[in-house]
Amino acid sequence: QVQLVESGGGLVQAGGSLRLSCAASGRIFSINAMGWYRQAPGKQRELVANIISGGNTNYADSVKGRFTISRDNAKNTVYLQMNSLKPEDTAVYYCNSRITTPQTLSTRDYWGQGTQVTVSS
């Protein structure tokens, strides 16, 4: 079974930086896309950034110019470099990956367990 393991969350002061990592493991035929979502209390989960196999990226307007998503295909790992953090960035961040598994060649989204990012003022 596919698993996504996240790391890198924590507490940081406004203006600081954090780097989130998410590694996919298990029975994987191909990874079509990987990305990060976040959810704050009382708000819906929203897309932060994603990256497609070919390298194209998408960012939420609120993080453009501050966050950078990247991918290490050899390690099946996606990263989110977060700079100039603001209190508004405080949320639980979830890794997401669209993965095709072998044998049945079925494709679905997998989710990490979530990691807390807290930005203090």
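Anything mentioned here points back to the structure above.
If you're wondering where the values come from, they're calculated on a predicted model, not measured in any experiment.

Draft legend 1. Summary view of the packing of aromatic side chains. The full count for this structure, using the stated rule, is one aromatic pair. Over the face of the ring belonging to Tyr79 we find Arg19, whose NZ or CZ atom lies 4.1 Å from the ring centre.

Draft legend 2. Representation of the pattern of salt bridges. Tallied over the full model, the rule gives five salt bridges. Across the pair Glu46 and Arg38 runs a salt bridge, and its minimum N-O distance is 2.9 Å. Classification of Glu46 by relative accessible area gives partly exposed; the value is 29%. Residues Arg98 and Asp109 are paired through a salt bridge, measuring 2.8 Å at the closest nitrogen-oxygen approach. One end of the pair, Arg98, is in strand β9 (residues 91-100); the other, Asp109, is in strand β10 (residues 107-111), with 11 residues separating them in the sequence.

How each quantity is defined
- All residue numbers here refer to positions counted from 1 along the written sequence of the relevant chain.
- Residue-level local features of this predicted model are given only where pLDDT is at least 70; pairs of side-chain atoms are given and counted only at 80 or more, and the full residue set underlies all totals for whole chains, interfaces and linings.
- Think of the side-chain values as coming from all heavy atoms in the structure, minus any hydrogens and water.
- Between 30 and 60 degrees the pair is tilted, below 30 it is stacked and above 60 it is edge-to-face, where a pair is any two Phe, Tyr or Trp rings, Trp via its six-membered ring, whose centres lie within 6.5 Å.
- For a Lys NZ or an Arg CZ to count as sitting over a ring, it must be within 6 Å of the ring centre and within 35 degrees of the ring normal.
- Put simply, a salt bridge is a Lys or Arg side-chain nitrogen that is within 4 Å of an Asp or Glu carboxyl oxygen.
- Remark: exposure states derive from per-residue accessible area (1.4 Å probe, protein chains only) relative to the maximum for the residue type, with buried under 20%, exposed over 50%, and partly exposed in between.
- Secondary structure elements are defined from DSSP: runs of H or I of at least 4 residues count as helices, runs of E of at least 2 residues count as strands, and each element is numbered from the N terminus.

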